[in-house]
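One letter stands for each residue in the lines below.
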Amino acid sequence: MAELDLNLLTALDALLAENSVTRAAQRLGLSTSAMSRTLTRLRQATGDRLLVQAGRQMVPTPYAVEIAERVHEMVGGARTLLQPRHHDVNLATVARTVVIRASDGFVDLAAAALLTEIQHTAPMIRLLFVSKTDKEATPLRDGNIDLEIVVLGTDAPELKTRVLFTDRFVGICRRHHPLLQGKGVTAERYVTFPHIVISRGKKLRGPVDHALEEMGLQRHIIMSVPAYTSAVNIVSRSDIIGLVPLSVLAWFEAGFDISHFELPVTTPPIKVSLIWHPRLQADPVHRWLRETIVDVCRREYSRISHEQRET
């Protein structure tokens, strides 16, 4: 077997991320002609065209789509291995402010438990939570935020991600709501009541609506609010139907006159992820905080899931 040129992996990662020879060349600091020659070598090595012309753009082949994520992980892993090792740090003496962009749902779910862990191990670390109004990667790239908790949706290929937990939607309504009586929650009865959605923009439709459409049904959405607390408060005092992730339910069900129910349609799972920029990948304090957030989130979500099953 001929000796492999592992530089090809870096070039392949850039090409599949950019879908452009020119942009991939700029990303790696190469000339366009050099990147074009590299693409030719990659085609010869893989036996696949990888990127093909489609009008003025290039699009990946099915094989390229299949391997893109694996290639990105391999390149990221190689970079991590070749980074200088950091000496151990004394977390008890580290004074740092960490900026985390997250929804109010995450803060309700994990902030208190996370605070306990930090006070025990790294009491001089201060967490600054900021609102999540969009999924732009610029604040992470610029260093304005250190971590983001989000339902994965960024198209920035260089960012690091790790799934914290897999959530799901449940319906909510006031206690003794007519929907819960008689035949219970069927799709047909579900759509006969008015609905409220939680959205920070103008988006009103989501996975539930797509699932209902396949059954020939449609929700009647009469209101949108930007926060879970507002929606739950309105639901508890009217016949309107709401929709929230299971992870935020426990923080509202005890304080409001509401009940929850399983949706009459199947929706895709909600993958809540931790995102950070590669420059912080090997930072020991950042790494400890990432691992702590993962442990806390999974523990808290497991507890909530267990409590809901018990009830």
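In this text the structure is predicted, and so the values were computed from the model without any measurement.

(A) Here's a closer look at the side chain of Ser 236. Following the sequence through the fold, Ser 236 ends up in helix α9 (residues 228-236). Note on Ser 236: relative accessible area 13%, which makes it buried. In contact with Ser 236, not counting residues within four places along its chain, are Arg 174, Phe 256, Asp 257 and Ile 258.

(B) Up close: the sheet that holds strand β6 (residues 160-167). Strand order in the open sheet formed by five strands is β4-β3-β5-β12-β6, with mixed pairing between adjacent strands. At either margin of the open sheet sits one strand with a lone partner, and together these are β4 (125-130) and β6. Sheet twist, expressed as the mean angle between neighbouring strand axes with direction ignored, is 20 degrees. Relative to the sheet, helix α5 (residues 104-121) contacts β4, β5 (147-151) and β6, its axis offset from that of β4 by approximately 170 degrees.

(C) Highlighting the pairing of strand β8 (residues 194-198). One ladder, built from five bridges, connects β8 with strand β9 (residues 220-225); its direction is parallel. Across the sheet, the residue bridging to His 195 is Ile 221, located in β9. In this fold, β8 hands off to helix α8 (residues 207-214), which returns the chain to β9; that crossover is right-handed.

(D) A look at the packing of aromatic side chains. What the rule picks out here adds up to three aromatic pairs. Residues Phe 106 and Phe 129 carry aromatic rings whose centres are separated by 6.2 Å and whose planes lie at 55 degrees to one another, so their mutual orientation is tilted. Residue Phe 106 is found in helix α5, and its partner Phe 129 is found in strand β4; the two are separated by 23 residues along the sequence. Geometrically, the ring pair formed by Phe 165 and Tyr 301 is stacked, given 4.8 Å between the ring centres and 20 degrees between the ring planes. Separated by 136 residues along the polypeptide, Phe 165 in strand β6 and Tyr 301 in helix α11 (residues 284-310) bring together distant segments of the chain. Phe 165 sits in the buried class, given a relative accessible area of 8%.

About the cut-offs
Residues numbered from 1 in each chain as written. Predicted model: local features only at pLDDT ≥ 70, side-chain atom pairs only at ≥ 80, totals over all residues. Heavy atoms only, no water. Helix = DSSP H or I, 4+ residues; strand = E, 2+ residues; numbered from the N terminus. Buried < 20%, exposed > 50% of the residue type's maximum accessible area, 1.4 Å probe, protein only. Contact = heavy atoms within 4.5 Å. Pairing = 2+ DSSP bridges. Axes fitted to C-alpha atoms, helices over the stretch in contact; angles between N-to-C directions. Right-handed = clockwise from strand over helix to strand, strands pointing away. Phe/Tyr/Trp six-rings, centres within 6.5 Å; stacked < 30°, edge-to-face > 60°.

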